[in-house]
Amino acid sequence: MNLDYLKDGFIKLYGDGEIRIFHSPGRVNLIGEHIDYNGGYVFPCALDFGTYGLVRKRKDRKINLCSMNFPKRVQVDIDNIVYEAEDDWGNYIKGVIKIFGEEGYNVGGMDILISGNIPNGAGLSSSASVEVLAGVIIDELFNNGNIDKVELVKLCQRAENEFVGVNCGIMDQFAIGIGRKNKGILLDCYTLKYQYAYIELRDFTLVIMNTNKRRALSESKYNERRMECEEGLKIIKNIKNVENLCQLDIEDYNNFKDLFFNENVKKRVEHVIYENHRVKKAFELINEGKVEEFGELLIESHMSLKNLYEVTGKELDTIVDLALKCEGCIGARMTGAGFGGCAIAIVKQYRVAEFIEYVKEHYSKKIGCEPSFYLSGIGEGAKEC
Ligand code: GLA
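Computed from a predicted structure; not experimentally measured. Here, residues in each chain are numbered from 1, in the same order as that chain's written sequence. In keeping with the model being predicted, local features are shown solely for residues with a pLDDT of at least 70 and side-chain atom pairs are shown and tallied solely at 80 or more, while totals for entire chains, interfaces and linings include all residues. Excluded from the side-chain calculation are hydrogens and water; included are all heavy atoms of the structure.

Engineer: I'd like to hear about unusual backbone geometry, residue by residue, with values.
Structural biologist: Within the chain, Asn144 stands out as a residue other than glycine whose phi angle is a positive 50°. Only DSSP runs of H or I covering at least 4 residues are called helices, and only runs of E covering at least 2 are called strands; the numbering of each starts at the N terminus. As for its placement among the helices and strands, Asn144 is situated in the loop between helix H3 (126-142) and helix H4 (149-164).

Engineer: If you had to explain the site of the ligand to someone new, which residues and values would you point to?
Structural biologist: The rule for a residue being near a molecule or strand is that one of its heavy atoms must lie within 4 Å of it. The environment of the ligand is made up of Arg27, Glu33, His34, Asp36, Tyr37, Cys168, Gly169, Met171, Asp172, Tyr222, Gly336 and Ala337. Relative to its unbound accessible area of 300 Å², the ligand is 93% covered by the protein chains. For this classification, Asp, Glu, Lys and Arg are treated as charged, while Ala, Val, Leu, Ile, Met, Phe, Trp, Tyr, Cys and Pro are nonpolar and the rest, including Gly, are polar. Tallied by class, the residues present in the shell around the ligand amount to five nonpolar, three polar and four charged. For every domain, the bounds stem from an assignment made automatically or drawn from a database. Residues lining the shell around the ligand come from more than one domain, with at least three contributed by each of domain 1 (3-198) and domain 2 (204-374). Each accessible area is a Shrake-Rupley estimate made with a 1.4 Å probe; only the visible protein chains count as cover when residues are assessed.

Engineer: Can you lay out the packing of helix H8 (residues 263-287) against helix H9 (residues 291-307) for me, pointing to particular residues and giving the numbers?
Structural biologist: Where H8 meets H9, the closest approach of the two axes is 10 Å, and the angle between their N-to-C directions is 165°. One element, H8, and the other, H9, form an angle in the roughly antiparallel class. Relative to H9, the crossing made by H8 is left-handed. Side by side, H8 and H9 meet where Lys267, His271, Glu275, Arg278, Lys281, Ala282, Leu285 and Ile286 of the first sit next to Glu293, Phe294, Leu297, Glu300, Ser301, Ser304, Leu305 and Asn307 of the second. In terms of residue class, the contact of H8 with H9 is made up of six nonpolar, four polar and six charged. Lines fitted to C-alpha atoms define the axes, with helix axes restricted to the stretch in contact, and inter-axis angles between N-to-C directions lie between 0 and 180 degrees. Any angle from 65 to 115 degrees is called roughly perpendicular, while one under 35 is roughly parallel, one over 145 is roughly antiparallel, and all others are oblique. For any helix crossing, the convention is left-handed if the near helix is rotated counterclockwise from the far helix by under a right angle, and right-handed if that rotation is clockwise. Residues are treated as being in contact if the distance between any of their heavy atoms lies within 4.5 Å.

This is how it looks when you write it as structure tokens:
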């Protein structure tokens, strides 16, 4: 991204003066899917690409928002922030400002220009990227950088839940706010304790594959899965004192599985318990440099998301199947909510070009649209540049 070009754009919009520049990444989840809202472990990382935000304080209490990606311009008054569907992406920033203000943090007038290169609707968390960008801007401009990072990402999640109305878990905002270069984050979504693992893939590379199927309709299914998990938990709670499904281990599952009369609920619970177990194993394997075994777990995770949690669909299954047919690919799985969006693959570096060619050709033939590929490194969390 050419920052001089963005600065010129900012000056054209808002005039000359001081400009501060922030960057907030996208994210992928390496493993641990549909686990955050079940209180278990996830293992995401921040990406190299994301959203830039250029900003200047104003003397009044107005917020001007403009994006290089969309024509819509938004102006709001800090003391009267309400959700407006037509404000589109602007609502993510509005929501964050509102929640931070309500929580007693200092907020003030700003001129903001954002510019992002996370494909929209690809499941790489473009919206969480914008939210955490806004959170970090508020922290640096008005609160001397004193807001605790975990508190900051929790408030951004609240903005998405309460203001935008999407019932997501904590994983995306956390990975984007707390991410570190070349590191994955093992996050316990119940306690929010976390530790980093250096991601050393030796002569393998992480390839992100976009099915280019937008995640339309996904929200309703997402909520359906959450409800099925809650139903499962309710049944378990009758016999065991637990707060969430991830407090159960595989032995518990085997003891309790006959209690689930609803086959779907049983399958969802089985996925959650085994996936949580896989995440802990995956973290150990990465720390021990066992990349091939790590790859095996990605495949197991995808199969479970396909057969038990049922959130993959034709496009994601096709792209993962094709990836696994390629020489040099040792693991692949969908990442994020599912139903479309992206998958990841771990591929031998010197085979990446032929891998992309093969998957692109066969996916296009089968599905009728071309997939996209991103070779992103693991990037830093959101911060001032
Ligand atoms: C979406 C949500 C996350 C998480 C994933 C599934 O990305 O925003 O909170 O639940 O789906 O793992």
